[in-house]
Amino acid sequence: MTKLLIVESPAKAKTIGKYLGSEYQVVASVGHVRDLPKSNKKAIDMDHFTPHYEVSVGKEKILHEIERLAKKSDEILLATDPDREGEAIAWHIAEAVDFGKKPVRRVVFHEITKDAIVEALEHPRDIDENLRRAQEARRVLDRLVGYDLSGIIWKKVRYGLSAGRVQSPALRIVVEREREIKAFKPEQYFTITANTKTPKKTELSLVCSIEPREQKEAERIVAVGKRESWNILSIEETEAKRSPRAPFTTSTLQQTASTRLGFSPSRTMRTAQKLYEAGLITYMRTDSTTLSKQAIGQIASTIEKMFGKDLVEVRIFTTKSKNAQEAHEAIRPTNAGRSCAGHTTEEKNLYSLIWARAVASQMRDARMMRTKILANVNSKSIPDFSANGSRTIFQGWLGADPGARGEDVELPKVTQGDKLELINISSLEKFTEPPSRYSEAGLVKELEKRGIGRPSTYASIIKTLEDREYVTKENRNLRPTDTGEVVSGFLEDNFGEYISDTFTAEMEDKLDFIAEGKIGYEKTLSDFYKPFAKDVKSKEKLAKATNLGSADPKLKCPKCHGAMIIKLGRSGKFLSCSLYPDCDGALMIDGTEMPKDKVIGIHPNTGGEITLKNGKYGPYVEMVILEEIKSQEIKPEPIKKNKRSKKPQLRRASVPKEIKPEEVTLDQAVHFLSLPRELGTHPETNKMITANIGRFGPYIVHDTDFRSLKKPDDVYTIILSRALEILKEPKKRRGFARKKKE
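What you see is a predicted model, and the numbers here were worked out from it, not measured in a lab. (Residues numbered from 1 in each chain as written. Predicted model: local features only at pLDDT ≥ 70, side-chain atom pairs only at ≥ 80, totals over all residues. Heavy atoms only, no water.)

**A closer look at the overall build of the chain**
How we decide: The way it works is that DSSP assigns letters per residue, a run of H or I at least four long becomes a helix, a run of E at least two long becomes a strand, and they are numbered from the N terminus. Only heavy atoms enter the contact rule, under which two residues are in contact if any of them lie within 4.5 Å. All accessible-area figures derive from a Shrake-Rupley calculation using a 1.4 Å probe, and residue coverage is judged against the displayed protein chains alone. Counted as positive: Lys and Arg. Counted as negative: Asp and Glu. His and the chain ends are not counted at all. Charge coordinates come from a single atom per side chain, which is NZ of Lys, CZ of Arg, CG of Asp or CD of Glu.
Each helix and strand in the chain was counted, giving 18 helices and 28 strands. Dimensions of the chain along its principal axes, counting C-alpha atoms only, are 100 × 85 × 55 Å. In the chain, of all internal contacts separated by at least 6 residues, the share reaching a separation of at least 24 is 66%. With an accessible surface of roughly 39,500 Å², the chain has 49% of that area assigned to carbon and sulfur atoms. Here the chain contributes 127 positively and 106 negatively charged side chains, and the mean placements of these two sets differ by 3 Å.

Set out below in structure tokens:
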């Protein structure tokens, strides 16, 4: 009897294939095989919210191969990932492939080991309709919300922007923090440090327990400290315990990998996926901190061998997430006895982190001795000064996870009443600081705390915010862009209910209830979408949100000296004359003049003068095409004919956003002006294929067929063969279908 086992990835198929006998054929679907059409809302029948799926691009051959292998098999086993997404993929495969009357069963395992797979194969089940419907509800819901909100943002803010059910609340959190930072008013204070020597001539640094707000008080404390003698008032030593943390969940893994390894959430999940597919760790998308009895026994055995039997302390951790699936386990090594694993450096580093956390979770507490020394001058007329330190007296679980230790500050041995020799005492003026911006790890923690989204989606949420240029990373912190602030402000003002913490968290609960079979799919979507669609329609007559309010009255239009308003342009915020379009006066957002045209130099090949200019869509370079050097190599942009005067022919190219206009060099300008590039003729039409950058980014065009270029394709280096591949792909429609007139 032959069996066909279908998994998601080729790497997973290869690993599982090693564990199974010749009666099994293992094949990969390579992720999802069907999805909603990308064109428009016609993908969903709005009467019953029925989705109309289509086979994803490039998956026809894979489905054909699965069907071919299925004909040779007696049984089909769907072994996709053990979550809603995996359940949905299994259902889509069953729907898309004609398996005839052959039995189709679902098998689930949380780690890719021989024992786990054999166990799963002995307990097949049917596809869980509730689980897959919950995933379908999320997909449809996200499409409906994203489609409608993005549509109104295109009209009221700027074309090409987007909004989403979970993406927008995440952006709001980042923007709210930025508003706190901008509204923050720093207050002056002083820190006072006294450097002293103990009777044994060891240095002891003390800090004043009070931070004066007035300079006069700080100066008084320093003066008294210099004038009088110092001595030790007391030494307090307290023993404290440090307990290990629970094994990793998806969220805590992303946070810790960001803090300790500098990994972004997407990089963490990408690396964890490889470790899982190689059979090295358990499934990496989980809310649970539970460990199986078998895993606990294996970890305890490892601790006994590596650290000693007396360090073993079996612990059961309670999962805090109310929606965690307790049938799942926390992320742990499949073999606790293996402390190092992985092919690449990043895989090894992440595996070590997972191993240390899981092993440490079953070890005894560490014990620390915390010490606090208080000192003052003889008169005690100034606040006490203190020094704080700690030392490890029993490392316990820190032996397995030393990276969690932190820094131990050892203080010198002193006794009460010891006299101190003052080396120097000084005050430093400081100002209170605003709350810090969210790091990626900080945002993940905040999203989880508020119940927004699910850990498995956090990486893609943050990546979307960055890809849409709603946020940028500054020193590993997320800062909203002007566009991000405007989009979030517009949504908060007009759709605040739908991007609130409460609404988003409650919707996640409803999706969980669908998965549990407690509520119905159609009713859930209907209850949400009908009032939502009505609300969106009521906002159709809103004014454009690019007008962001009045500018500082002191700033006047450089042309008519009238009032200015703040607007959002392609390159961010700027100041525009309030009388626009009658007056086109404009200033930079800080009130300085708009960059003036600047001659960069002469093109080395054409002799044409290159000028840096600033236009409606940002800075660009422009070159005059001289009559005597016009050729096929330098083709000017077409311009409208003017019978009265013959205008010079020009060539223009945008300056990339990552380059500051004032720093553009002649070599860079020449490089930019190499566009448009002729890549060659199409073999079927014999018409030219051209690469260029336009209003909406880089693209290629053939016979009016425009295709956007996405990374890693580069408009300056793309070649003809790659362009032909892109042109063969089905075109992705953008925009909205026009409503038929009734």
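**Observations regarding the confidence of the model for the chain**
What counts is decided by this rule: The score called pLDDT rates the predictor's confidence residue by residue, from a low of 0 to a high of 100.
Looking at the chain as a whole, the pLDDT averages 88, with 93% of positions reaching at least 70. Counting contacts from residues 628-645, a segment whose pLDDT is below 50, to residues more than four positions away or on other chains yields 19 contacts. Considering only residues more than four positions removed or in separate chains, one finds that residues 734-742, a stretch of pLDDT under 50, has ten contacts.

**Structural notes on the pattern of salt bridges**
Test applied: We define a salt bridge as a side-chain nitrogen of Lys or Arg found within 4 Å of a carboxyl oxygen belonging to Asp or Glu. Under the scheme applied here, a residue whose accessible area is under 20% of the maximum for its type counts as buried, over 50% as exposed, and between as partly exposed, the area being computed with a 1.4 Å probe on protein chains only.
Taken as a whole and assessed by the stated rule, the structure comprises 50 salt bridges. In this structure, the salt-bridge partner of E446 is R450, at a minimum N-O distance of 2.8 Å. Of this pair, E446 and R450 both sit in helix α12 (residues 440-450), four residues apart, which is roughly one turn of the helix. Its relative accessible area of 23% is what places R450 among the partly exposed residues. Measuring nitrogen to oxygen at the nearest pair gives 3.4 Å for the salt bridge that ties R479 to E474. Judged by its relative accessible area of 31%, R479 is partly exposed. By relative accessible area, which is 34% here, E474 ends up partly exposed. By sharing partners, the salt bridges in this structure join R172, E176, E446, R450 and D501 into a single network.

**With respect to the nonpolar core**
Put simply, the test is: We call a set of buried residues a nonpolar core when its members are Ala, Val, Leu, Ile, Met, Phe, Trp, Tyr or Cys and they connect through side-chain atoms within 4.5 Å of each other.
Of all hydrophobic cores here, the largest spans 74 residues; its most connected members are I6, I153, V157, L491 and F528. Ranked by the residues each element gives to this core, the list is headed by helix α5 (residues 129-156), at ten residues. If near-sequence neighbours (up to four positions away) are discounted, F528 is found in contact with L141, V145, Y498, F503 and M507. One finds A28, F263, Y276 and I281 within the second-largest nonpolar core, a separate group that totals 55 residues.

**So, the sheet that holds strand β13 (residues 385-394)**
Note the threshold: Whether two strands pair comes down to DSSP finding at least two bridges between them. Axes, fitted as lines to C-alpha atoms, cover a helix only where it is in contact. Angles between the N-to-C directions of the axes lie from 0 to 180 degrees.
Around the barrel, six strands lie side by side as β9-β10-β13-β12-β11-β14; this closed barrel has antiparallel pairing. Neighbour to neighbour, the strand axes of the sheet diverge by 35 degrees on average, direction disregarded. For strand β11 (residues 230-242) and strand β12 (residues 366-377), the ladder comprises twelve bridges, and the chain directions are antiparallel. Pairing of N231 across the sheet is with N376, part of β12. Strands β9 (188-197), β10 (203-208), β11, β12, β13 and β14 (419-431) of the sheet are contacted by helix α7 (residues 215-227), whose axis makes an angle of about 170 degrees with β14.

**Side note on the packing of helix α8 (residues 250-261) against helix α11 (residues 345-360)**
Stated formally: Angular relationships are summarised with four words: roughly parallel below 35 degrees, roughly antiparallel beyond 145, roughly perpendicular across 65 to 115, and oblique for the angles in between. Left-handed is the label given to a crossing in which the near helix is rotated counterclockwise from the far helix by less than a right angle, and right-handed is the label when the rotation is clockwise. In this classification, Asp, Glu, Lys and Arg are treated as charged, Ala, Val, Leu, Ile, Met, Phe, Trp, Tyr, Cys and Pro as nonpolar, and every other residue, Gly included, as polar.
In contact at an axis separation of 11 Å, α8 and α11 are set at 120 degrees when each is read in the N-to-C sense. The orientation of α8 relative to α11 falls into the category oblique. The way α8 lies across α11 gives a crossing that is right-handed. Residues T252, L253, T256, A257, R260 and L261 of α8 form the contact with α11, whose participating residues are N349, L350, L353, I354 and R357. Looking at the contact of α8 with α11 residue by residue, the class counts come to six nonpolar, three polar and two charged.

**Let's talk about the pairing of β11**
Strand direction decides the pairing type here: β11 and β14, joined by two bridges, are antiparallel. Bridge pairing in β14 links N231 to K419.

**So, the side chain of S361**
Short version of the rule: Pairing of N or O atoms within 3.5 Å defines a polar contact, subject to two protein rules: one partner must be a possible hydrogen donor and the other a possible acceptor, and residues neighboring in sequence count only if both atoms are side-chain atoms.
Here S361 shows up in the loop between α11 and β12. Side-chain polar atoms of S361 contact the side chain of Q362, separated by 3.3 Å. Excluding anything up to four places from it in sequence, S361 contacts P244, R245, P247, L291, E313, R315 and F317.

**A look at the packing of α5 against helix α15 (residues 501-515)**
It is at 7 Å that the axes of α5 and α15 come closest, and there the two elements cross at 150 degrees. Relative to α15, α5 is oriented roughly antiparallel. Here N130, L131, R133, A134, A137, R138 and L141 of α5 come into contact with α15, specifically with M507, E508, L511, I514 and A515. Classifying every residue of the contact of α5 with α15 by side-chain character gives eight nonpolar, one polar and three charged.

**Regarding the sheet that holds strand β23 (residues 618-625)**
Pairing is antiparallel across the open sheet formed by four strands, whose spatial order is β21-β22-β23-β24. Strands at the two margins of the open sheet, each flanked by one partner only, are β21 (598-602) and β24 (649-654). Ignoring which end each strand starts from, the neighbouring axes of this sheet average 30 degrees apart. Looking at chain direction, strand β22 (residues 609-615) and β23 are connected through six bridges and run antiparallel. The residue of β23 that forms the bridge with N614 is P619.

**Regarding the side chain of K567**
Looking at where K567 falls in the secondary structure, it is placed in strand β18 (residues 564-569). No salt bridge forms around the buried K567; measuring N to O, its nearest opposite-charge neighbour D582 is 11 Å away.

**Brief notes about the pairing of β14**
Judged from the ten bridges that link them, β9 and β14 form a sheet pairing that is antiparallel. Within β14, the residue paired with T196 across the bridge is L422.

**Let's talk about the state of the cysteines**
Under the convention used in this document: The term disulfide is used for any two cysteine sulfur atoms that are within 2.5 Å.
Per the counting criterion, the structure on display carries zero disulfides. No disulfide involves C557; its sulfur sits 3.6 Å from the nearest other cysteine sulfur, which is in C583. Not part of a disulfide, C560 finds its nearest cysteine sulfur in C577, a span of 3.6 Å. Owing to a relative accessible area of 34%, C560 belongs among the partly exposed residues under this scheme.

**Overview of the environment of R172**
Secondary-structure assignment places R172 in helix α6 (residues 167-183). Judged by relative accessible area, R172 falls into the buried class, the value being 7%. Residues R172 and S500, 328 residues apart in the sequence, show an inter-C-alpha distance of 8.7 Å.

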